[in-house]
Amino acid sequence: MSLLKLTDLGVSLGPRPILHGIDLSVSRGELVGLIGPNGAGKSTLIRSVFGLVPSVGEIAIDGRPARRLPLRERARLVALLPQEREIGWAISVEKLVALGRTPHTGFFAAAGAHDRAVVERAIRRMELDALRQRPVTELSGGEKARVLIARALAQDAPLLIADEPTAGLDPAHQIALMQSLADIAADGSAVIASLHDLGLAARWCTRLVLLDKGRIVADGPPGEVLTAERLRSVYGIEAHIEQTPQGLVLQPMAATRQG
Amino acid sequence: MKDRAGPLILCLAVLTLLLFLLSMLTGPAALDIGTSLSAIVTGNDEAIALVMREIRLPRALLGLMIGASLGLSGAALQGHLRNPLAEPALLGVSASASLGAVIALYTGLSLVFPLALPLMALVGAGLAVLVVQALAGRGSGTLTIILAGIAVSSFAAAMTSLALNLSPNPFAAMEIVYWLLGSLTDRSMLHVQLSAPFMLLGCLMLLGLGRSLDALTLGPDAAASMGIDTGRVQFVAVAGTALAVGAATAVAGAIGFVGLVVPHILRPLVGSQPSRLLPASALGGASMLLLADVLVRVIAPGKDLKLGVLTALVGAPFFLWLVFRTRRAML
């Protein structure tokens, strides 16, 4: 059964439609790259799953209607890495990652051995061991991004939705992150990540969903979605696309139109 | 950043207890420690028991509860709004409670029926929170809450000025001004009974927000995705503050700076985690107000130095120093 199923999903802000007629189904084992130019509706699509924007149509999480799902139960099924990366207070890295256990621990219950083990795994996965006692506000942008991803991983939900997880990371950490997301998906979870870097999307995702002007214009394996024709019409770019033994390689070369 | 929140909270609890006892032992009637404390329990020496039970005990109890209310709501609002400059007065609760009290003084209602003053103040606080909630809407951004609070505050302050402007005689104006300065002098057990239920309920509501405020460290979207009902958190934070600070203002007048400064001082000591800061700030606020109330009696006995004046007098320079230190840390 699919972990996330959107049927005829639409979002309007005032009279302006942002998304319409979205049908999407994501199953375990998939690493879905959500791509599309600025303003295509990627973030709105992600936020609508969590009820952060009012929407019409059906949203089912693990086969259950999302809008009627109790918040804590939903949080055990889907984790979110939002676009907003501002951290309010100078708490330690370890404490921040442990916040991911919020939907799993009771009101008065302290974190148990299992919670600590999950937090440790997330810290190790994001290579944060050396930073664990540092206040998060003192970290570099890339370090902070890794801490926030570790926090989302600590939520230990079968579906992880990340809004531009690679933003602000250097190439080595971008690759390490995509590798982790691929590992998580391969372990039987599902990951949806909005991405601006088409090279990373082509190389790592099992499936790409291309949004343009609030609609899904293509959905399938990277090789089928990323055609020269589509890149020209949706993104307005010319790109070098090549199938190599290591996978699909894509490098945008020139803009064919402005804006 | 070792976890020192537990021992710190214990230390603050002991400090609060000591200052509570010190407050009980401070006053114009020079009573020795043994007799005064035993009189309160046994009631043997009637004169001493009367002083202790009817004058000093309510004063110390109010200092404890009002300080805790101010410190706790400051910490809760700063956590909810994710802004270290937030303070209880920001919601317009204090200004509106003051306005209610001023109306009671102005109309002479408080002369006919003394409890009219705190009751009117409570009504003022209640109205303020209704207006702020209605203006801000459920689960709206923090900016709308702040703007709504400023609007309500400004309106209440304007109405208070109007009352002063039109006050029938200089004595009424003096009475209003003195009340606005904030004080714990001559409060009775009746004041305690009237305000305690509101302050206790408000504080319990705010203390229950710990986990949600921790999650809100990551922003409202992330908190919502972790199962936090952010609309409910906003309602509880605003309503809890209104109950606690409204009741505090109703019996003691406006006492500034405690709710702003206490969470500021304690935040680095608890590793910045909002859930740890809540109980620490409640105890810290209680300690600060009890100490200030002892000081007004010791510094100027017989002069009736107002508590609110002292907290502002000490609080403002301290705040300047905080700003200076923050600027230096950023350089």
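Parameters and conventions
Residues numbered from 1 in each chain as written. Chains lettered and ligands numbered in written order. Predicted model: local features only at pLDDT ≥ 70, side-chain atom pairs only at ≥ 80, totals over all residues. Heavy atoms only, no water. Helix = DSSP H or I, 4+ residues; strand = E, 2+ residues; numbered from the N terminus. Rg over C-alpha atoms; globule rule 2.2 N^0.38 Å. Buried < 20%, exposed > 50% of the residue type's maximum accessible area, 1.4 Å probe, protein only. Contact = heavy atoms within 4.5 Å. Patch = residues over 30% accessible without salt bridge, like charges linked within 9 Å, V, L, I, M, F, W, Y side chains within 5 Å. Areas by Shrake-Rupley, 256 points an atom, 1.4 Å probe, with all protein chains shown as cover. Salt bridge = Lys/Arg side-chain N within 4 Å of Asp/Glu carboxyl O. Pairing = 2+ DSSP bridges. Axes fitted to C-alpha atoms, helices over the stretch in contact; angles between N-to-C directions. Phe/Tyr/Trp six-rings, centres within 6.5 Å; stacked < 30°, edge-to-face > 60°. Lys NZ or Arg CZ within 6 Å of the ring centre and 35° of its normal. Left-handed = near helix turned anticlockwise from the far one by under 90°. Nonpolar A, V, L, I, M, F, W, Y, C, P; charged D, E, K, R; others polar. Domains from an automatic or database assignment. Buried area = accessible area lost by both parts, 1.4 Å probe. Core = buried A, V, L, I, M, F, W, Y, C linked by side-chain atoms within 4.5 Å. Parallel < 35°, antiparallel > 145°, perpendicular 65-115°, else oblique.

S.K.: How would you explain the overall build of chain B if you had to name every residue and give the values?
M.R.: Across its full length, chain B holds 15 helices and zero strands. By the compact-globule yardstick of 20 Å for 331 residues, chain B fits well, its C-alpha radius of gyration being 20 Å. Each of the three principal axes of chain B carries a C-alpha extent, and together these read 60 × 50 × 40 Å. Burial status across chain B gives 53% buried among its 331 residues. Put simply, 77% of the contacts in chain B that link residues at least 6 apart link residues at least 24 apart.

S.K.: Let's hear about a nonpolar patch on the surface: which residues, and what values?
M.R.: Residues and elements named next belong to chain B. A cluster of nonpolar side chains, Tyr106, Phe155, Met159, Leu162 and Leu166, forms an exposed patch at the surface whose accessible area comes to about 470 Å². No other element matches helix H7 (residues 142-165), which puts three residues into the nonpolar patch. Looking at the secondary structure, you find Leu162 in helix H7.

S.K.: Quick one: what's the story with the pattern of salt bridges, residue by residue and with numbers?
M.R.: Here the structure, examined in full by the defined rule, presents 17 salt bridges over all chains. For Arg121 of chain A, the salt bridge identified is with Asp156 of chain A, shortest N-O distance 3.4 Å. Remark: Asp156 of chain A occurs in the loop between helix H5 (141-154) and strand E7 (159-163) and Arg121 of chain A occurs in helix H4 (residues 113-125); sequence separation between them is 35 residues. Here Asp304 of chain B makes a salt bridge to Lys306 of chain B, at a shortest N to O gap of 3.1 Å. Here Asp304 of chain B falls in the partly exposed class, since its relative accessible area comes to 37%. Look at Lys306 of chain B and you get buried, because its relative accessible area is 11%. It is possible to trace a salt-bridge network through shared partners that takes in Glu94, Glu120, Asp129 and Arg132 of chain A.

S.K.: Describe the sheet that holds E7 of chain A, listing the residues and the values that go with them.
M.R.: Residues and elements named next belong to chain A. The strand order across the open sheet formed by six strands is E6-E7-E8-E3-E9-E10, and the pairing between neighbours is mixed. In this open sheet, the two edge strands, each paired with only one partner strand, are strand E6 (78-81) and strand E10 (215-220). Put simply, the sheet's adjacent strands are angled 15° from each other on average, direction ignored. Helix H1 (residues 42-49) contacts strand E3 (31-35), E6, E7, strand E8 (190-194) and strand E9 (207-212) of the sheet and is inclined by roughly 145° relative to E7. Across the sheet, H5 is in contact with E6 and E7; its angle to E6 comes to roughly 170°.

S.K.: Any details on the pairing of strand E1 (residues 4-13) of chain A? Residues and values, ideally.
M.R.: Consecutive side chains along a regular strand alternate between the two faces of the sheet. Residues and elements named next belong to chain A. Taken together, the seven bridges between E1 and strand E2 (residues 16-26) define a ladder with antiparallel strand orientation. Within the sheet, the bridge partner assigned to Lys5 lies in E2 and is Ser25. As consecutive antiparallel partners, E1 and E2 are separated by two residues, and within that stretch Gly14 has a phi angle of approximately 65°, a positive value.

S.K.: Describe the packing of aromatic side chains, and please don't skip the residues or the numbers.
M.R.: Counting across every chain of the model gives one aromatic pair over all chains. For the ring pair Phe318 of chain B and Trp321 of chain B, a centre distance of 5.6 Å and an interplane angle of 45° mean the geometry is tilted. Of the two residues, Phe318 of chain B and Trp321 of chain B are both situated in helix H15 (residues 307-330); the distance of three residues between them amounts to about one turn of the helix. For Trp321 of chain B, a relative accessible area of 42% translates into the label partly exposed. A cation sits over an aromatic face here: Arg203 of chain A above Trp204 of chain A, 5.0 Å from the ring centre. Directly above the ring of Trp89 of chain A sits Arg267 of chain B, whose terminal nitrogen or CZ lies 4.0 Å from the centroid.

S.K.: How would you explain the packing of H4 of chain A against H5 of chain A if you had to name every residue and give the values?
M.R.: All names here are of chain A. Interhelical geometry of H4 versus H5 gives an angle of 145° and a closest axis separation of 9 Å. Our pair here, H4 against H5, has a crossing hand that is right-handed. Residues Val118, Val119, Ala122 and Arg125 of H4 form the contact with H5, whose own contacting residues are Ala150, Leu153 and Ala154. Classifying every residue of the contact of H4 with H5 by side-chain character gives six nonpolar, no polar and one charged.

S.K.: So what about the side chain of Ser281 of chain B? Which residues, and what values?
M.R.: Structurally, the position occupied by Ser281 of chain B is in helix H14 (residues 274-299). Excluding anything up to four places from it in sequence, Ser281 of chain B contacts Gly71, Leu72, Ala75, Val262, Pro263 and Leu266 of chain B.

S.K.: Let's hear about the domain arrangement of chain A: which residues, and what values?
M.R.: Quite often, the size of an interface is put as the accessible area lost when its parts meet. Residues and elements named next belong to chain A. Segmenting chain A into domains produces domain 1 (1-62 + 158-259) and domain 2 (86-157). The distance between the C-alpha centroids of domain 1 and domain 2 comes to 26 Å. In this assembly, 14 residues from domain 1 lie in contact with 11 residues from domain 2. Across the domain 1/domain 2 interface, buried area totals approximately 910 Å², and carbon plus sulfur atoms make up 67% of it. The largest contributions to the domain 1 side of the interface with domain 2 come from Leu160, Leu169 and His173, which together make up 35% of the buried area.

S.K.: Can you tell me about the interface of chain B and chain A, naming the residues and giving the values?
M.R.: Listed by partner, the interface residues are 29 residues for chain B and 32 residues for chain A. Note on chain B versus chain A: buried area summed over both sides is about 2,500 Å², and carbon and sulfur give 60% of it. Arg47 of chain A is paired through a salt bridge with Asp221 of chain B; the nearest N and O atoms lie 2.9 Å apart. For the side of chain B that touches chain A, the secondary-structure elements that each account for two or more residues are helix H3 (46-81), helix H10 (210-216), helix H11 (220-225) and H14 of chain B.

S.K.: Which residues make up the nonpolar core, and what values do they have?
M.R.: Counting 130 residues, the largest nonpolar core has Ile35, Val97, Leu181 and Leu226 of chain A together with Ile66 of chain B as the members making the most contacts within it. Sorting elements by how many residues they give to this core places helix H12 (residues 230-252) of chain B first, with 12 residues. For this core, the domains that each give at least three residues are domain 1 (1-62 + 158-259) and domain 2 (86-157) of chain A. In this structure, Leu4, Leu6, Ile22 and Ile161 of chain A belong to the second largest nonpolar core, which totals 31 residues.

S.K.: Tell me about the pairing of E6 of chain A, and please be specific about residues and values.
M.R.: Residue and element names in this part refer to chain A. Both faces of E6 are covered, namely the face carrying Val78 and Leu80 and the face carrying Ala79 and Leu81. Note that E6 and E7 share four bridges and pair parallel. Residue Ala79 lies in a different strand from E7, and its bridge partner there is Leu160.

S.K.: I'd like a rundown of the sheet that holds E1 of chain A, residues and numbers included.
M.R.: Strand pairing in a sheet is mediated by backbone hydrogen bonds. Such pairs are either parallel or antiparallel. All names here are of chain A. Spatially, four strands are ordered E2-E1-E4-E5 in an open sheet, and the strand pairing comes out antiparallel. Whereas interior strands pair on both sides, the edge strands pair on one side only; in this sheet they are E2 and strand E5 (64-65). Two elements, strand E4 (residues 56-61) and E5, share two bridges in a ladder whose sense is antiparallel. Bridging across to E5, Ile61 finds its partner in Arg64.

S.K.: Go over the packing of helix H1 (residues 5-24) of chain B against H3 of chain B, please, and point to the residues and values.
M.R.: Residues and elements named next belong to chain B. The geometry of H1 relative to H3 is characterised by a closest axis approach of 9 Å and an angle of 150° between their N-to-C directions. As the angle between them shows, H1 and H3 are arranged roughly antiparallel. Where H1 crosses over H3, the handedness of that crossing is right-handed. The segment H1 lies against H3, with Thr16, Phe20, Ser23 and Met24 engaging Met52, Arg56, Leu57, Ala60, Leu61 and Leu64. In terms of residue class, the contact of H1 with H3 is built from seven nonpolar, two polar and one charged.

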